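Understanding the architecture of this molecule
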Amino acid sequence: MEAAAELPGLRPVAVGDRDRARADALAALHRVEPCEPERLLADQRVSVVAIATPPADHARLALAALRSGRHVFCEKPLATRLEDATEVLAAAGGDGSPRLTVDYVLRRNPLYALVARLQQALLGPPRRFALENLASDEHLGRDHWFWDREVSGGIPVEHGVHFFDAGAWLLGSQPERVQALEAARPDGRVDTVLAAASHPGGASASYAHSFARPDRAESQWTTLDWGEVANGRLYGWIPVELELDIRTDGAGLAAVQALTTDQRTALAVPGYRPSGAERITLELASRGQPGRWDLRLRATLGGQAAKPRVYRESVRAGLADLVGAITTGGRPAVTSTDAWTSLSTALATQESATTGTATRPRSLPS
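In this report, the structure presented in the accompanying data block is examined.

About the thresholds
- Residues numbered from 1 in each chain as written.
- Predicted model: local features only at pLDDT ≥ 70, side-chain atom pairs only at ≥ 80, totals over all residues.
- Heavy atoms only, no water.
- Pairing = 2+ DSSP bridges.
- Helix = DSSP H or I, 4+ residues; strand = E, 2+ residues; numbered from the N terminus.
- Buried < 20%, exposed > 50% of the residue type's maximum accessible area, 1.4 Å probe, protein only.
- Axes fitted to C-alpha atoms, helices over the stretch in contact; angles between N-to-C directions.
- Contact = heavy atoms within 4.5 Å.
- Lys, Arg positive; Asp, Glu negative; His and termini not counted.
- Salt bridge = Lys/Arg side-chain N within 4 Å of Asp/Glu carboxyl O.
- Phe/Tyr/Trp six-rings, centres within 6.5 Å; stacked < 30°, edge-to-face > 60°.

Some thoughts on the pairing of strand 10 (residues 219-225)
A regular strand places its side chains on the two faces of the sheet in alternate fashion. Inspection of the sheet shows strand 6 (residues 128-136) paired to strand 10 by 7 bridges, in the antiparallel sense. In the strand pairing of strand 10, phenylalanine 129 is matched with leucine 224. The sheet contact formed by strand 10 and strand 11 (residues 230-235) spans 5 bridges and is antiparallel. In the sheet register, tryptophan 221 faces strand 11, and the bridge partner there is tyrosine 235. Counting the residues in the hairpin turn of strand 10 and strand 11 gives 4 residues, including glycine 227, whose phi is positive at 70°.

The following block contains the structure:
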C-alpha cells in the first residue's frame, strides 16, 4: 500500500479482507475504503487488484480478477498447484488479456540489475548460483499458516520461488533436474529444505532455506561463480551489499569502468527511486602479467539499515512494471510464465524431498 500510494498512474481506492477489522485498520491508515474482498471486483473504479493473501488463495483470486477484466499484481507464489498456475497462465496469456505480474522483488533489486549488466557487458552467465538463507522463525508461531503446507505450499513454494526465479534468470536457463531433502522438528514442522539443481551446459544451483533462528541471528547470502573469470556474493535475501572479484584483461577493465562510471545508470531499475546512499567502488591491482588485471567491485544500497526501503522500492518497481505494461499494451518484465516455471521448480523440489529421488521439473505447457 505504501508503494502503490506513491506511484504515478496508480491510485489506491479500496482494501478488502475477510477480517473486516483488519480491512478497517488498513483502510484508515491509507485513507481508502474498506470492503469485503468480493466487492473489489464489482467496483468500477478498480482496474488493478493486488493479491496479498496466503498462497493457497492466490490462483483462485487471480483467476477471478483476470476474468472480470482486472489486471493483477500477485504476491508470490502464483499458486500452490501447477494445474492452478496453468489456468492463470491461460487467462493472462492472450494479447487482449488483462496483464499479470508476480512480486519477485529480487528481479527489481538494483544489485541484481548491476550483476545482469556486468553479465551482458563482460561476464556472461555464471556457472554456479548458491543461496544460503538462515532465516528467523521468531514471528512464525506454531499455528501460523506458514507451517501448513496446504496453505503455504511449503518452504520451497512459499519462499523458494524467489530464488528459483532469480537463479534461472541469471543462469539463463531452467533446471533440468532437482535433488532435495528436508528436515523437520519433533512436532513435524518442516523448517529446513536443501536443494541442488543441474542446469544445461553443466551450470548448477543450490538453495538452503532454514527458518529456525531468532531475528538477531538471521544471515543470508548468495554466492555467484563464473569460474576463473569472477566470483562474488550478494548479502541479504533482500540484497543490500555486493562484492565481486573479477579477473580480466584491458578490454574487460574498460568495460567494467564504462559501466560503473555512471553509478546511477548502473544500478537503475525502472520505478525504483534511489535514496542517495548507493555507492559502487572499484579496487584495481595488476596480476603481474602484462594486460591482466584483478578488480574488486563493491556496491552498496546503504547497508542493512536500508533493507526496509529497498524492499518497498522493489515492490514499487514491480507495480511500475505492471502499470507500464498496461499503458503500452506490452508484457511485464516478470511474466506469468516466469511465475509458472519457478513454481514448477519449487514443486519438483517438494517431490524430490518427499521421494528421495532426483526430480525433473515439468515443462511449460504449449
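Some words on unusual backbone geometry
The omega angle of the peptide bond from lysine 76 to proline 77 is -10°, so this bond is cis rather than trans. The topology assignment puts proline 77 in the loop between strand 4 (71-74) and helix 5 (82-91). Of note, arginine 31 is a non-glycine position whose phi angle comes to about 60°, a positive value. For arginine 31, a relative accessible area of 81% translates into the label exposed.

Let's talk about the sheet that holds strand 4
Here we have 3 strands laid out as an open sheet, ordered 3-4-5, and parallel in their pairing. Of all strands in the sheet, those with a lone pairing partner are strand 3 (48-51) and strand 5 (100-102), marking the two edges. Ignoring strand direction, the axes of neighbouring strands in this sheet form an average angle of 15°. One ladder, built from 4 bridges, connects strand 3 with strand 4; its direction is parallel. For valine 48, the partnering residue across the bridge sits in strand 4 and is histidine 71. The strands touched by helix 11 (residues 307-328) within the sheet are strand 3, strand 4 and strand 5, with strand 4 carrying the most contacts at an inclination of about 160°.

What to know about the side chain of aspartate 103
For aspartate 103, the location among the structural elements is in the loop between strand 5 and helix 6 (110-123). For the buried aspartate 103, no salt bridge is present, and the opposite-charge side chain at shortest range is arginine 108, 4.3 Å distant. What aspartate 103 contacts, discounting residues up to four positions off in sequence, is Phe73, Cys74, Glu75, Lys76, Arg108, His162 and Val315.

Things to note about the environment of glycine 227
Counting through the fold element by element, glycine 227 comes out in the loop between strand 10 and strand 11. A C-alpha to C-alpha distance of 36 Å links glycine 227 and leucine 319, two positions 92 residues apart in sequence. Not counting chain neighbours up to four residues away, the residues in contact with glycine 227 comprise Arg127 and Arg247.

Some words on the sheet that holds strand 14 (residues 292-300)
Adjacent strands of a sheet form backbone hydrogen bonds with each other and so pair up, either parallel or antiparallel. With mixed pairing, the 9 strands of this open sheet are ordered in space as 7-8-9-6-10-11-12-14-13. Two strands bound the open sheet, and with one partner strand each, they are strand 7 (177-184) and strand 13 (279-286). Along the sheet, successive strands turn relative to each other by an average axial angle of 10°, direction set aside. As judged from the 6 bridges shared by strand 11 and strand 12 (residues 241-249), these two strands associate in the antiparallel manner. For arginine 233, the partnering residue across the bridge sits in strand 12 and is glutamate 243. Contacting strand 6, strand 8 (190-198), strand 9 (204-213) and strand 10, helix 8 (residues 155-171) runs over the sheet at an angle of about 150° to strand 9. The strands that helix 12 (residues 336-355) touches are strand 7 and strand 8; relative to strand 7, the one it contacts most, it runs at about 60°.

Overview of the packing of aromatic side chains
A full pass over the atoms with the stated rule returns 7 aromatic pairs. When the centroid spacing of 5.8 Å and the interplanar angle of 45° are considered together, the rings of phenylalanine 129 and tyrosine 207 count as tilted. Taken as a pair, phenylalanine 129 in strand 6 and tyrosine 207 in strand 9 lie far apart in primary sequence, 78 residues in all. A relative accessible area of 0% places phenylalanine 129 in the buried class. For tyrosine 207, a relative accessible area of 4% puts it in the buried group. Measuring from centroid to centroid gives 6.0 Å for phenylalanine 163 and tryptophan 237, while their planes differ by 70°, and the two rings are edge-to-face. You can see phenylalanine 163 sitting in helix 8 and its partner tryptophan 237 sitting in the loop between strand 11 and strand 12, a full 74 residues away along the chain.

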